[in-house]
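Breakdown of the fold
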Amino acid sequence: QVHLVESGGGLVQPRGSLRLSCAASGGIFRSRVMGWYRQAPGKERDLVASITSGGSTKYADSVKGRFTISRDDAENTMYLQMNSLKPEDTAVYYCYAEVAYFPYSRYFEVWGQGTLVTVSS
């Protein structure tokens, strides 16, 4: 029922910046955690960053200090600000959210379709 729509991916040079957005729509819901995963060619899909409803964040070691995750619950949107990008950041980035539909308490995991980020000169 809930759909995640990503935007902001594309081609960027090393040391450049991008901001990814993930907008959730499709129902009245709450999300206790949202996050970003990425999958590089030949690699597993790994967690990049996550944020809880209380604002607690977690980052992969490879992006600490460079990426910032945030969420705007009023707009049902999550962001990933990516600075000082490296070629190693090249991957398909996936938005995910763990959501429950009011007034129910069971949570479901929802994924976006992914957006490609290419860091290259």
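Everything that follows concerns the structure shown earlier in this document.
Quick summary incoming for the structure in this document. The structure presented is a predicted model; accordingly, all values stated were derived computationally and were not measured.

Re the environment of Arg106
Among the structural elements, Arg106 can be located in the loop between strand E9 (91–101) and strand E10 (108–111). The exposure class of Arg106 is exposed, given its relative accessible area of 63%. Measuring from C-alpha to C-alpha, the distance between Arg106 and Gly54 comes to 18 Å, with 52 residues separating the pair along the chain. In this view, Arg106 contacts Val99 and Ala100; residues no more than four positions away in its chain are not counted.

With respect to the state of the cysteines
Tallied over the entire structure, the rule returns one disulfide. With its sulfur 1.8 Å from that of its partner, Cys22 forms a disulfide with Cys95. The S-S bond linking Cys22 to Cys95 shows a torsion near -75°; that makes this disulfide left-handed. Residue Cys22 is located in strand E3 (residues 18–25), and its partner Cys95 is located in strand E9; the two are separated by 73 residues in the primary sequence. Of the two residues, Cys22 and Cys95, both sit in the buried class.

Concerning the sheet that holds strand E7 (residues 67–72)
Pairing within the open sheet is antiparallel, and its four strands lie in the order E1-E3-E8-E7. Where the open sheet ends on each side, the last strands, each with one partner, are strand E1 (3–7) and E7. Neighbour-to-neighbour, the strand axes of this sheet turn through a mean angle of 15°, independent of strand direction. Two strands pair when backbone bridges link them, and E7 and strand E8 (residues 77–82) are joined in this way by six bridges, in the antiparallel orientation. Paired with Ser70 across the strands is Tyr79, a residue of E8.

Concerning the nonpolar core
Counting residues in each nonpolar core, the largest one holds 30 residues, and the members touching the most others are Trp36, Leu80, Met82 and Tyr93. Every element with two or more residues in this core is listed here: E3, strand E4 (29–39), strand E5 (46–52), E7, E8, E9 and strand E11 (115–119).

Considering the pattern of salt bridges
Evaluated as defined, the whole model comprises five salt bridges. Here Asp89 ties to Arg38 by a salt bridge, and the two come within 2.9 Å at their closest N and O atoms. Taken together, the positions of Asp89 in the loop between E8 and E9 and Arg38 in strand E4 put the pair 51 residues apart, joining distant regions of the chain. A residue is classified by how much of its surface remains accessible, and Asp89, at 1% relative accessible area, is buried. Judged by its relative accessible area of 14%, Arg38 is buried. Across the pair Asp61 and Lys64 runs a salt bridge whose closest N-O atoms are separated by 3.0 Å. Residue classification places Asp61 among the exposed positions, given a relative accessible area of 65%. Via salt bridges that share partners, Arg38, Arg66 and Asp89 belong to a single interconnected network.

The rules behind each value
Residues numbered from 1 in each chain as written. Predicted model: local features only at pLDDT ≥ 70, side-chain atom pairs only at ≥ 80, totals over all residues. Heavy atoms only, no water. Helix = DSSP H or I, 4+ residues; strand = E, 2+ residues; numbered from the N terminus. Buried < 20%, exposed > 50% of the residue type's maximum accessible area, 1.4 Å probe, protein only. Contact = heavy atoms within 4.5 Å. Disulfide = S-S within 2.5 Å. Pairing = 2+ DSSP bridges. Axes fitted to C-alpha atoms, helices over the stretch in contact; angles between N-to-C directions. Core = buried A, V, L, I, M, F, W, Y, C linked by side-chain atoms within 4.5 Å. Salt bridge = Lys/Arg side-chain N within 4 Å of Asp/Glu carboxyl O.

In short, the description is geometric, and any link to function would need to be established separately.
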